Amino acid sequence: MKFRVEREVLADAVAWTAKSLPSRPPVPVLAGILLDLSSEPGSGGRAAGESLTVSGFDYEVSTQATIDVHAQSAGRALVSGRLLADITRSLPPHPVEVAVDGPRLTISCGSARFTLPTMPVEDYPSLPMMPTTAGVVASADFDTAVSQVAVAAGRDDTLPMLTGVRLEIDGDRLTLAATDRYRLAVREFGWTPEQSGRTAAVLIPARSLSEAAKTLTGGPEVTLALSSSGTGEGIMGFSSPNRKTTTRLLDAEFPKYRSLLPVESAATAEVRVAGFIEAVRRVALVADRGTPVRLSFGDEGLTLLAGGDDEGRAEEQIEADFAGDPLTIGFNPTFLLDGLSAVHTETVRMSFTTPNKPAVLTGVPAEGPGNEDYRYLIMPVRLPG
């Protein structure tokens, strides 16, 4: 195998693929990146040998990037992914020449030259096939929705059902939901399904979904692939031009979250998000780990309070448009800030039932009624006294 390629193109493809490599691979070859310069005709009108595929796989997540190269001979090589990423990132801004000679891969760029040992390609597992295309979603919608929801996913791997994001397909609507038992985030948005009237529900690892949303949204659309039966069962695929990734789905039962969302409220407050976030950050400076920020709503607005006589105390009042009987409620400041940062509107509406039951945050658009496409439910913290 021998080819020439622009440094930026190679470095970008290798860096993206290397992100999915395991830090502690169960077998050595899974720490490698597979470079495949096929002699078969390429896609998109490419001639044979002009397409290099850069692949990574850890049995859970697979990544593949396809780039254009100037090839002299076809072939395949498997080398350390982390090392290849470090090298390509640090090369000078000149075209790169890559060649395989026996058990060694040589990288030449300007006056720099690296020689890496290769690993046995025949020991590398076959990457999973991309499932059947389910539909396409606008990149901006996909990126925003995933970031809004994944923040509420759990990090405790002993509870796998809480480390995922539930994706529900109902015709031309997608719903994403995640919870760690202390908060719940739900986002609904439209997409273009391949088949009308299809319904499905899967649980995707939040980390894999977040990475796909961040790195596959350079184009206008992202293609979602999901098997209905047979080949690719238990796998979700995402692709954009020249990049594709698959992730194994979680085999766990997601909580029945819809029953947790209140259907009515006893009080509501509308607050400007930017000022609210800054005020929470300030008063939380004196809040010990795990202690709440107290929010008191009334006719005069919102008063935030944290700390106490022993560890320091902070208090701040900001404007709020409140409707209902005066109410005092406490929240974990980190969870509250996550929700405020995720609504993506200038004003947030907080809906309450009682101080001991969850509150719901929704965005308030500059014009028109409230936006229920995104809901962030947050459990209160019991206040002393």
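Residues numbered from 1 in each chain as written. Predicted model: local features only at pLDDT ≥ 70, side-chain atom pairs only at ≥ 80, totals over all residues. Heavy atoms only, no water.

**Let's talk about the overall build of the protein**
Reasoning step 1: Tallying secondary structure elements over the protein gives 6 helices and 27 strands in all.
Reasoning step 2: C-alpha extents for the protein along the principal axes are approximately 75 × 50 × 40 Å.
Reasoning step 3: Taking all 385 residues of the protein together, the buried fraction comes to 49%.
Reasoning step 4: Summarising the internal contacts of the protein: among those between residues at least 6 apart in sequence, 66% fall at separations of at least 24.
Reasoning step 5: Total accessible area on the protein stands at roughly 19,000 Å², and carbon and sulfur atoms take up 48% of it.
Reasoning step 6: Side chains of the protein give 35 positive and 48 negative charges; the mean places of these two sets differ by 5 Å. (Helix = DSSP H or I, 4+ residues; strand = E, 2+ residues; numbered from the N terminus. Buried < 20%, exposed > 50% of the residue type's maximum accessible area, 1.4 Å probe, protein only. Contact = heavy atoms within 4.5 Å. Areas by Shrake-Rupley, 256 points an atom, 1.4 Å probe, with all protein chains shown as cover. Lys, Arg positive; Asp, Glu negative; His and termini not counted. Charge placed at Lys NZ, Arg CZ, Asp CG, Glu CD.)

**Comments concerning the packing of helix H1 (residues 7-18) against helix H2 (residues 81-90)**
Reasoning step 1: At a minimum axis separation of 9 Å, H1 and H2 run at an interaxial angle of 150°. In terms of their interaxial angle, H1 and H2 are classed as roughly antiparallel. Crossing of H1 over H2 shows left-handed handedness. For the pair formed by H1 and H2, the contact residues are Arg7, Leu10, Ala11, Val14 and Ala18 on the first element and Gly81, Arg82, Leu84, Ala85, Thr88 and Arg89 on the second.
Reasoning step 2: Its residues assigned to classes, the contact of H1 with H2 comprises 6 nonpolar, 2 polar and 3 charged. (Axes fitted to C-alpha atoms, helices over the stretch in contact; angles between N-to-C directions. Parallel < 35°, antiparallel > 145°, perpendicular 65-115°, else oblique. Left-handed = near helix turned anticlockwise from the far one by under 90°. Nonpolar A, V, L, I, M, F, W, Y, C, P; charged D, E, K, R; others polar.)

**What to know about the pairing of strand E18 (residues 243-248)**
Reasoning step 1: Pairing of strand E4 (residues 61-68) with E18, which is carried by 5 bridges, proceeds in the antiparallel orientation. Residue pairing across strands places Ala65 opposite Arg243, the latter belonging to E18.
Reasoning step 2: As paired elements, strand E17 (residues 235-240) and E18 share 6 bridges and run antiparallel to each other. Note that in E18 the partner of Ser240 across the bridge is Arg243.
Reasoning step 3: Following E17, the chain reverses through 2 residues before pairing antiparallel with E18; Asn242 in that reversal takes a positive phi of roughly 75°. (Pairing = 2+ DSSP bridges.)

**Overview of the environment of Ala11**
Reasoning step 1: Checked against the element boundaries, Ala11 lands in helix H1.
Reasoning step 2: C-alpha separation for the pair Ala11 and Ala185, spaced 174 residues apart in sequence, amounts to 36 Å.
Reasoning step 3: Leaving out residues up to four positions away in the same chain, Ala11 has contacts with Thr88 and Arg89.

**Quick look at the nonpolar core**
Reasoning step 1: Of all hydrophobic cores here, the largest spans 98 residues; its most connected members are Phe238, Phe276, Leu295, Phe297, Leu304, Leu336 and Phe352.
Reasoning step 2: No other element matches the 6 residues that helix H5 (residues 273-283) contributes to this core.
Reasoning step 3: The residues contacting Leu295, other than those within four sequence positions of it, are Phe276, Leu302, Thr303, Leu304, Leu327, Thr328, Ile329, Phe331, Leu336 and Met350.
Reasoning step 4: In this structure, Ala177, Leu184, Val186 and Leu377 belong to the second largest nonpolar core, which totals 9 residues. (Core = buried A, V, L, I, M, F, W, Y, C linked by side-chain atoms within 4.5 Å.)

**A few points about the environment of Gly234**
Reasoning step 1: Take Gly234: it is sitting in the loop between strand E16 (221-226) and E17.
Reasoning step 2: Once the C-alpha coordinates of Gly234 and Leu250 are considered, the two residues, 16 residues apart in sequence, prove to be 7.9 Å apart.
Reasoning step 3: Setting aside residues no more than four positions away along its own chain, Gly234 makes contact with Thr247, Arg248 and Leu249.

**A few points about the packing of aromatic side chains**
Reasoning step 1: What the rule picks out here adds up to 6 aromatic pairs.
Reasoning step 2: Both rings, one in Phe57 and one in Tyr59, keep their centres 5.6 Å apart while their planes meet at 70°; by these two values the pair is edge-to-face.
Reasoning step 3: Taking relative accessible area as the criterion, Phe57 reaches 6% and is therefore assigned buried.
Reasoning step 4: Here the aromatic rings of Tyr182 and Phe335 are separated by 6.1 Å at their centres, their planes lie at 25°, and the arrangement is stacked. Here Phe335 lies in helix H6 (residues 333-342) and Tyr182 lies in the loop between strand E12 (173-179) and strand E13 (183-190), a separation of 153 residues in the sequence.
Reasoning step 5: Here Tyr182 falls in the partly exposed class, since its relative accessible area comes to 45%.
Reasoning step 6: Assessed through its relative accessible area of 18%, Phe335 is described here as buried.
Reasoning step 7: Clustering of aromatic rings is evident, with ring pairs tying together Phe297, Phe322 and Phe352. (Phe/Tyr/Trp six-rings, centres within 6.5 Å; stacked < 30°, edge-to-face > 60°.)

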